[in-house]
Amino acid sequence: MKSGNKMSEANQNEFEIVKTGNGFANDLAATTNRRLEQTILELRQLSEQTTTLTKSQDKSILATKNLEKTIVSLDNENTRLNTQILKLTWITAILAF
């Protein structure tokens, strides 16, 4: 069998035709209803997954912003310490002479 046929068989098994025993029109309506039910269930599941991903993304964005603030704060403190060390170095050099 070709791989395309396997995929086609999987799709056919997923979308079974519902047999009501009351004629083709009723079979078609029942099959359509079943597929609509499956679609609605899948959409609900996708909606829940999207909500979960959105919450996770929001947490990641918040964590990134907090990390940025921390880095800026540490950079400012580092600059201040470097300035103080430079001043002490100048004072030491002046007193050494």
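The preceding data block contains the structure.
Attention in this report is confined to the structure presented alongside it. (Residues numbered from 1 in each chain as written. Predicted model: local features only at pLDDT ≥ 70, side-chain atom pairs only at ≥ 80, totals over all residues. Heavy atoms only, no water.)

### A few points about the overall build of the chain
Phase 1: The helix and strand tally for the chain stands at 2 helices and 0 strands.
Phase 2: Burial statistics for the chain: of 97 residues in total, 2% are counted as buried.
Phase 3: Accessible area for the chain stands at about 9000 Å²; split by element, carbon and sulfur atoms hold 60% of it. (Helix = DSSP H or I, 4+ residues; strand = E, 2+ residues; numbered from the N terminus. Buried < 20%, exposed > 50% of the residue type's maximum accessible area, 1.4 Å probe, protein only. Areas by Shrake-Rupley, 256 points an atom, 1.4 Å probe, with all protein chains shown as cover.)

### Quick look at the side chain of aspartate 27
Phase 1: Mapped onto the elements of the fold, aspartate 27 is located in helix α2 (residues 24-96).
Phase 2: Within the buried set, aspartate 27 has no salt-bridge partner at all; the shortest N-O distance to an opposite charge, 4.6 Å, is to lysine 19.
Phase 3: Discounting chain neighbours no more than four positions away, the residues touching aspartate 27 are Val18, Lys19, Thr20, Gly21 and Asn22. (Lys, Arg positive; Asp, Glu negative; His and termini not counted. Salt bridge = Lys/Arg side-chain N within 4 Å of Asp/Glu carboxyl O. Contact = heavy atoms within 4.5 Å.)

### Section: a nonpolar patch on the surface
Phase 1: A cluster of nonpolar side chains, namely Leu86, Trp90 and Ile94, defines an oily patch on the protein surface of about 380 Å² accessible area.
Phase 2: Structurally, leucine 86 is set in helix α2. (Patch = residues over 30% accessible without salt bridge, like charges linked within 9 Å, V, L, I, M, F, W, Y side chains within 5 Å.)

### What about the pattern of salt bridges?
As a working rule, side chains carrying opposite charge can pair if their charged atoms are close by.
Phase 1: Here the structure, examined in full by the defined rule, presents 1 salt bridge.
Phase 2: Note that glutamate 37 is salt-bridged to arginine 34, the shortest N-O span being 3.5 Å. Linking glutamate 37 with arginine 34, this pair stays in helix α2, spanning 3 residues, or about one helical turn.

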